[in-house]
Amino acid sequence: MEKLEVEQKGELKSSLVQNITGAQAVVHSLIKEGVDLIFGYPGGAIMPVYDALYDAEDELKHVLVRHEQGATHAAQGYARASGKVGVCLATSGPGATNLITGIADAQIDSTPLVCITGQVSSGLLGTDAFQETDVIGISMPVTKWNFQVTRAYEIPEALAKAFYIARSGKPGPVLVDITKDAQFGRLDFSYQPFKGMRSYVPYPTLDLNKVKLAADLINKATRPLVLFGQGIILSEAENEFKAFIEKAGLPSAWTILGLSALDSDHYLNVGMLGMHGNYAPNKLTNECDVLIAIGMRFDDRITGDLSRYAKQAKVIHLEIDPAEVDKNVKTDVAVLGDAKECLIALTQLVENRKHEEWLLEFRKLEFEEYEEVIQEELNPSVPELSMGEVIRSINDQTKGDSIIVTDVGQHQMVTCRYAKFKKSTKSMITSGGLGTMGFCLPAAIGAKMALPNKQVIGIIGDGGFQMTLQELGTIFQTKVPVKIVVLNNEFLGMVRQWQELFFDKRYASTTMVNPDFQTIVSGYGIKTMKVTNRKDLDAAVGSMLAYDGAYFLEVRVAKENNVFPMVPTGASVSEIRLK
């Protein structure tokens, strides 16, 4: 492969490289986009690209995962931690279909990915050739955009367009499927970053009249409540958001994807929304007079029964995606635009307020929740360890300065409820909308590779861990020093909780007969420890954090603890239960 000469700052000297293969054009395009790390798994239909990568290893590092789903989740972790576009590679057929779960996860959680798949030669398309699958048709519902390349000369433009669409506006995953003959074909390579197209408007024009209407409602409010989501983080608008709520004195509650956009101990941070969120913000959603939603989409876990959701309130929605406005909750004022731009304009128009009496109502309910739920969770009176006290120990020893990645289940809700963040942005990475078990281990690997100088801690349940534990092999090969904590209760805990509460304790297929995790992890050459007694917990967490390398900590926790508060399915958020 003809080497590309690189300037000191990493910029290519020449934009034209003559007579190279399509596979080489893929690699050149990735380098031109500033990509330095990709995750993937080789196979027959993508082999030409891997051959081209062999000559570019100094400029473009490839991480060999152990399953293609691991490639998408690792790319997600990389993207969520770094703010860059995550990139993954796979072959055709089963390689491509194995990406779909991660792509769907990225789509619903607005994570920018570029997924490149190999495909059988164009002459074989539609013939049911070996490892041929219509990945364009399969991926269409779960991608922001997808495209099949059948000619080598199409590659640079297709990839430039892919990166532009993935990162612009509301981010999301794109997929580019490249036939094998296009990879072998030849072209004179020239790369132009994509500027946009008439049919795609990623950033709506801010309507200042709508901003004024929103400000008027906020200024007249006596019981306002802000609901904020990941849109704050994606827009990198944390400072603007803080300035806005502090000026107007607005109590602010977060979705799990919005967690870490505002310091955990900020006086206006009133906690987590949703099914297992905090008591006060859920209860008081149905008592506020103005509801201000910023960068969140009113999904069912937040709203509960929509017919009884915030009917008394005027609703303001700041949102970049017009499709999300009025989709679930009817708004009185919709302000379309990037969160940062919206907040800057809105802050100029809102009045200085404090709302001290209204804030006091949150504090009263917070105390009630502490007495009924939190005190026992963080300081159990029973011999068995709780998930909450494990998170408390991590908080105490990291001082809120780490990246936390979770899997999905009870441990996810406990971690979101009790993890503390002092350094704000991009510190919490979890699977929100899709709720993908198996997400954490590969996502934690990707996050640590994105930010090698940050402490990255993955929190996983025993069920989710066994869905992608093969990625221990990726840790073993790359030596990435990620920390993994498995909270082992020998149950599929969240499902078991529902079976206890709503199915008369009929624990159908939720009991886990687990292998010896210590033996498995040791086989991958990873330092490991198991904790069963409370007296050993803090020292074990300290040893894990201090260790210079990958570390696996298994903590045996109570088997039948439940996560409360809880909004039962079909209930109103004001019917949230403390026990």
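Above this text sits the structure in question.
Treat the numbers as computed from the prediction; the structure is a model and nothing was measured.

Peer 1: Sorry if this is basic, but what is going on with the sheet that holds strand E5 (residues 113–119) here?
Peer 2: Think of a sheet as strands paired side by side through backbone hydrogen bonds, with each pair either parallel or antiparallel. Sheet architecture is open: 6 strands sit in the order E3-E2-E4-E5-E7-E6, paired in parallel fashion. The sheet is open, and its two borders are formed by strand E3 (61–64) and strand E6 (145–149), each paired with just one other strand. Averaged over all pairs of adjacent strands, the angle between their axes in this sheet comes to 20°, without regard to strand direction. Relative to strand E7 (residues 173–179), E6 is paired through 5 bridges, and the arrangement is parallel. For glutamine 148, the partnering residue across the bridge sits in E7 and is aspartate 177. Helix H5 (residues 100–108) rests against E5 and E7 of the sheet, and its axis sits at about 145° to E7.

Peer 1: Teacher, can you tell me more about the nonpolar core here?
Peer 2: The nonpolar side chains of a soluble globular protein tend to be buried, and buried together. One finds Phe244, Leu291, Val485 and Val555 to be the most contacted residues of the largest nonpolar core, which totals 98 residues. The leading source of residues in this core is helix H15 (residues 356–378), at 7 residues. Here leucine 291 is in contact with Leu225, Leu227, Thr285, Phe298, Tyr309, Ala310, Ala313, Lys314, Val315 and Ile316, once residues within four sequence places are set aside. By size, the runner-up hydrophobic cluster in this structure holds 50 residues, among which are Ile100, Cys115, Ile484 and Ala550.

Peer 1: I would appreciate a short explanation of the sheet that holds strand E11 (residues 269–272) in the present structure.
Peer 2: Taking strand neighbours across the sheet as the criterion, the 6 strands line up as E11-E10-E9-E12-E13-E14 in an open arrangement whose pairing is parallel. Every other strand in the sheet has two partners, leaving E11 and strand E14 (333–336) as the edge strands with one partner each. Sheet twist, expressed as the mean angle between neighbouring strand axes with direction ignored, is 20°. Relative to strand E13 (residues 314–319), strand E12 (residues 290–294) is paired through 5 bridges, and the arrangement is parallel. By the bridge assignment for E13, alanine 293 is matched with histidine 317. Of the strands in this sheet, E12, E13 and E14 are in contact with helix H14 (residues 339–349), which crosses E13 at around 135°.

Peer 1: Would you mind showing me how to read the layout of surface pockets here?
Peer 2: Once rolled over the atoms, a probe with the size of a water molecule shows which space is left empty. Approximately 530 Å³ is the volume attributed to the second largest pocket. What lines the second largest pocket is a set of 26 residues, and nearest its centre among them are Ser264, Asn278, Ile374, Arg417 and Lys420. Residue assignment for the lining of the second largest pocket shows that the elements contributing at least two residues are E11, H15, helix H16 (387–398) and helix H17 (410–418). Per-element accounting of the lining of the second largest pocket gives the leading share, 7 residues, to H15. Tallied by class, the residues present in the lining of the second largest pocket amount to 10 nonpolar, 7 polar and 9 charged.

Peer 1: Please clarify how the pairing of E7 should be interpreted in this entry.
Peer 2: Where a strand is regular, its side chains alternate between the two sheet faces. With 7 of 7 residues buried, E7 lies mostly within the body of the structure. Residues Pro173, Leu175, Asp177 and Thr179 line one face of E7 and the alternating positions Val174, Val176 and Ile178 line the opposite face, and both faces are buried. Here 7 bridges tie E5 to E7, and the two strands are oriented parallel to one another. Residue pairing for E7: threonine 117 is matched across the bridge by aspartate 177. Regarding the hand of the β-α-β motif, the stretch spanning E6, helix H7 (residues 155–167) and E7 is right-handed.

Peer 1: What is the right way to look at the pairing of E5 in this model?
Peer 2: Among the 7 residues of E5, 7 are classified as buried, and the element is accordingly described as predominantly covered. Residues Leu113, Cys115, Thr117 and Gln119 of E5 are buried on one face, and the alternating residues Val114, Ile116 and Gly118, pointing to the opposite face, are buried as well. Relative to E5, strand E4 (residues 86–90) runs parallel, the two being bridged by 5 bridges. Within E5, the position partnered with glycine 86 by the bridge is leucine 113.

Peer 1: Can you walk me through unusual backbone geometry in this structure?
Peer 2: The omega angle of the peptide bond from phenylalanine 564 to proline 565 is 0°, so this bond is cis rather than trans. By the secondary structure assignment, proline 565 is in the segment after strand E20 (551–556). The backbone phi angle of aspartate 326 is positive, close to 65°, even though this residue is not glycine. With respect to the helices and strands, the residue aspartate 326 is situated in the loop between E13 and E14. When its relative accessible area of 36% is taken as the criterion, aspartate 326 is described as partly exposed. In the Ramachandran plot, glutamate 490 falls in the positive-phi region, its phi being about 55° despite a non-glycine side chain. Structurally, glutamate 490 is set in the loop between strand E18 (483–488) and helix H21 (493–502).

Peer 1: Any chance you could explain empty space enclosed by the protein here in plain terms?
Peer 2: Going through the model one piece at a time under the given rule, you end up with 2 cavities of 30 Å³ or more. Reported here for the largest cavity is a volume of approximately 70 Å³. In the lining of the largest cavity, the residues fall into 6 nonpolar, 4 polar and 1 charged.

Peer 1: When you look at the pattern of salt bridges in this model, what are you seeing that I'm missing?
Peer 2: A side chain of one charge can pair with a side chain of the opposite charge when the charged atoms of the two come close. Across all of its chains, the model carries 21 salt bridges by this definition. The partner of arginine 167 in a salt bridge is glutamate 33, and the shortest N-O contact between them spans 3.1 Å. In this pair, arginine 167 is assigned in helix H7 and glutamate 33 in the loop between helix H1 (22–32) and strand E2 (37–40), connecting sequence segments 134 residues apart. On the basis of relative accessible area, arginine 167 is assigned to the partly exposed category, the value being 41%.

Peer 1: Sorry if this is basic, but what is going on with the side chain of glutamine 119 here?
Peer 2: On the secondary structure map, glutamine 119 appears in strand E5. For glutamine 119, a relative accessible area of 2% corresponds to the buried category. Among the polar contacts made by the side chain of glutamine 119, one reaches the main-chain carbonyl oxygen of threonine 133 at a distance of 3.0 Å.

Peer 1: Looking at this model, I keep getting lost on the packing of aromatic side chains. Mind explaining?
Peer 2: Any pair of aromatic rings gets described here by the distance separating the centres and the angle formed by the planes. Within the structure shown, the criterion is met by 13 aromatic pairs. Residues tyrosine 164 and phenylalanine 194 carry aromatic rings whose centres are separated by 5.5 Å and whose planes lie at 55° to one another, so their mutual orientation is tilted. Here the residue tyrosine 164 occupies a position in helix H7, and phenylalanine 194 occupies one in the loop between strand E8 (186–190) and helix H9 (208–220), the gap between them amounting to 30 residues. There is no split in this pair, since tyrosine 164 and phenylalanine 194 are both buried. Ring geometry for tryptophan 498 against phenylalanine 502: centres 5.6 Å apart, planes inclined by 70°, an arrangement best described as edge-to-face. In this pair, tryptophan 498 and phenylalanine 502 are both assigned in helix H21, 4 residues apart and thus about one turn of the helix distant. Note on tryptophan 498: relative accessible area 22%, which makes it partly exposed. Using a relative accessible area of 34% as the deciding quantity, one classes phenylalanine 502 as partly exposed. Taken together, the ring pairs in this structure connect Tyr164, Phe194 and Tyr200 into an aromatic cluster. Lying across the ring of phenylalanine 491, arginine 496 places its NZ or CZ 5.7 Å from the centre.

About the thresholds
Residues numbered from 1 in each chain as written. Predicted model: local features only at pLDDT ≥ 70, side-chain atom pairs only at ≥ 80, totals over all residues. Heavy atoms only, no water. Pairing = 2+ DSSP bridges. Helix = DSSP H or I, 4+ residues; strand = E, 2+ residues; numbered from the N terminus. Axes fitted to C-alpha atoms, helices over the stretch in contact; angles between N-to-C directions. Contact = heavy atoms within 4.5 Å. Core = buried A, V, L, I, M, F, W, Y, C linked by side-chain atoms within 4.5 Å. Buried < 20%, exposed > 50% of the residue type's maximum accessible area, 1.4 Å probe, protein only. 1 Å grid on protein atoms, 1.4 Å probe; cavity = no way out; pocket = protein on both sides within 12 Å on 5 of 7 lines; lining within 4 Å. Points joined across faces, edges and corners; volume = space filled by probe spheres on them. Nonpolar A, V, L, I, M, F, W, Y, C, P; charged D, E, K, R; others polar. Right-handed = clockwise from strand over helix to strand, strands pointing away. Salt bridge = Lys/Arg side-chain N within 4 Å of Asp/Glu carboxyl O. Polar contact = N/O pair within 3.5 Å; in protein donor to acceptor, adjacent residues only side chain to side chain. Phe/Tyr/Trp six-rings, centres within 6.5 Å; stacked < 30°, edge-to-face > 60°. Lys NZ or Arg CZ within 6 Å of the ring centre and 35° of its normal.

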